[in-house]
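This is what each chain is made of:
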Amino acid sequence: LLSLGLVWSLIALWRDINRRLQAEGALRKEAAFRAAMENSLITGLRARDMEGRLTYVNPSFCKMLGFPAEELVGKLPPMPYWAPEEITEYENRFAQILTGTVQPEGFETIYQRANGERFPVLIYESPLVDDNGKQTGWMSSILDVSELKRAQELSRQQEEKLHQNARLATMGEMASMLAHELNQPLAAISSYTTGALNILRQSDA
């Protein structure tokens, strides 16, 4: 009986270890998949706790700013990527986040890279909630909209050129119409004047 009990215990232990190994393998696969997915994103991701401390940043966020993760994780405001001229806006926005009055739609602001370069970003904030439904912080998605801004500026310049060309074409058409309208009475006046001169010459003769 003791031998049977021991064998049964070993079988149960083996099954439990096998299940644990399978669960750990599945967890590692899921973690690797999520890490690969986050690393392939062009969107910057950051997580903050309830005090605003950075608890996580993905590679895209670090690449966007030019700061390594170890220089960002654990930081409290003011952040090293805040542009000095926008400090008031950041503080007001952070106060709204702390009070829960921040709007869900994205907002645009300016960030500063490690080399001092300013660039526009679009930020979306959402609360981080644990299994018990308690909020533990915020997750932010940050998009570098520099290329979009350049494309919009180029489009605006092209549109202005088109409007300018359209105005010039309209002015050309108006000038052509005026020339046509003036040519007829001028031609008539010239004809009458030539006729009058011919009559005067005949009279003198």
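All figures in this text were calculated on a predicted structure; none of them were measured in a lab.

**Student:** Quick rundown of unusual backbone geometry? Include the residues and the values.
**Tutor:** For the peptide bond that leads from Pro77 to Pro78, omega is 5°, which places it in the cis range. The residue Pro78 is located in the loop between helix 2 (59–65) and helix 3 (87–99) in this model.

**Student:** Outline the pattern of salt bridges, listing residues and values.
**Tutor:** Taken as a whole, this structure holds eight salt bridges when the rule is applied. Across the pair Asp49 and Arg53 runs a salt bridge whose closest N-O atoms are separated by 2.8 Å. Looking at Arg53, the relative accessible area reads 27%, which means it is partly exposed. Here Glu85 ties to Arg118 by a salt bridge, and the two come within 3.0 Å at their closest N and O atoms.

**Student:** Help me get a handle on empty space enclosed by the protein, residues and values and all.
**Tutor:** With a probe scaled to a water molecule rolled over the atoms, the places where space remains empty come into view. Taken as a whole and judged by the stated rule, the model has one cavity of 30 Å³ or more. Approximately 110 Å³ is the volume attributed to the largest cavity. Those elements that place two or more of their residues in the lining of the largest cavity are strand 1 (44–49), helix 3, strand 3 (107–112) and strand 4 (118–129). The element best represented in the lining of the largest cavity is helix 3, accounting for four residues. Looking at the lining of the largest cavity residue by residue, the classes come out as seven nonpolar, one polar and four charged.

**Student:** Explain the sheet that holds strand 3 to me, and be specific about the residues and the numbers.
**Tutor:** Read from one edge of the open sheet, five strands run 2-1-5-4-3, paired in antiparallel fashion. Looking along the sheet, the strands with just one partner apiece sit at the ends: strand 2 (54–57) and strand 3. Geometrically, the sheet is characterised by an average inter-axis angle of 35° between neighbouring strands, direction not taken into account. Sheet analysis places strand 3 next to strand 4, joined by six bridges and oriented antiparallel. Within strand 4, the position partnered with Thr109 by the bridge is Val121. Relative to the sheet, helix 3 contacts strand 1, strand 3, strand 4 and strand 5 (135–144), its axis offset from that of strand 3 by approximately 125°.

**Student:** Would you mind going over the packing of aromatic side chains in detail, with residue names and values included?
**Tutor:** Scanning the entire structure with this criterion turns up four aromatic pairs. Its guanidinium or amino end placed over the ring of Phe107, Arg93 lies 3.6 Å from that ring's centre, counting from NZ or CZ. Positioned over the ring face of Phe119 is Arg113, at 3.8 Å from the centre of the ring.

**Student:** I'd like a description of helix 3, backed by residues and values.
**Tutor:** Here helix 3 spans 18 Å end to end across 13 residues, near enough to the 18 Å set by a 1.5 Å rise per residue. Of the residues making up helix 3, those classed as buried are Tyr90, Arg93, Phe94 and Ile97. Within helix 3, the buried residues cover an arc of 100° as seen down the axis, which keeps them to one side. In helix 3, the exposed positions angled more than 90 degrees off the buried face are occupied by Thr88 and Thr99. For helix 3, the secondary structure elements touched by its buried residues are strand 1, strand 3, strand 4 and strand 5.

What counts as what
- For every chain, the first residue of the written sequence is number 1, and numbering continues from 1 along that sequence.
- Confidence filtering applies because this is a predicted model: local features only for residues at pLDDT of at least 70, side-chain atom pairs given and counted only at 80 or more, and all residues used for totals across whole chains, interfaces and linings.
- Based on all heavy atoms of the structure, the side-chain values leave hydrogens and waters out of the count.
- For helices the rule is a DSSP run of H or I covering at least 4 residues; for strands it is a run of E covering at least 2, with both sets numbered from the N terminus onward.
- By convention in these notes, a salt bridge is any Lys or Arg side-chain nitrogen within 4 Å of a carboxyl oxygen on Asp or Glu.
- Summary of the burial criterion: residues with accessible area below 20% of their type's maximum are buried, those above 50% are exposed, and those between are partly exposed, where the area comes from a 1.4 Å probe applied to protein chains only.
- Cavity and pocket criteria rest on a 1 Å grid covering protein atoms alone: a 1.4 Å probe that fits but cannot get out defines a cavity, protein on both sides within 12 Å along at least 5 of 7 lines defines an open pocket, and an atom within 4 Å of a point defines a lining residue.
- Grid points are joined across faces, edges and corners, and a volume is the space filled by probe spheres set on the points.
- In this classification, the charged set is Asp, Glu, Lys and Arg, the nonpolar set is Ala, Val, Leu, Ile, Met, Phe, Trp, Tyr, Cys and Pro, and all remaining amino acids, among them Gly, are polar.
- Strand pairing requires that DSSP identify at least two bridges connecting the strands.
- Orientation is described by axes fitted as lines to C-alpha atoms, over the contacting stretch for helices, and by angles from 0 to 180 degrees between their N-to-C directions.
- Should any heavy atoms of two residues lie within 4.5 Å, those residues are counted as being in contact.
- Two rings from Phe, Tyr or Trp (for Trp, the six-membered ring) form a pair when their centres sit within 6.5 Å of each other. Planes less than 30 degrees apart are called stacked, planes more than 60 degrees apart edge-to-face, and all others tilted.
- Either the NZ atom of lysine or the CZ atom of arginine qualifies as a charge over a ring when it sits within 6 Å of the ring centre and within 35 degrees of the ring normal.
- By this rule, a helix spans an expected 1.5 Å times one less than how many residues it contains.
- Starting at the helix axis, one direction is taken to each C-beta atom, and the arc is that of these directions.

Taken by themselves, the reported measurements are silent on function.
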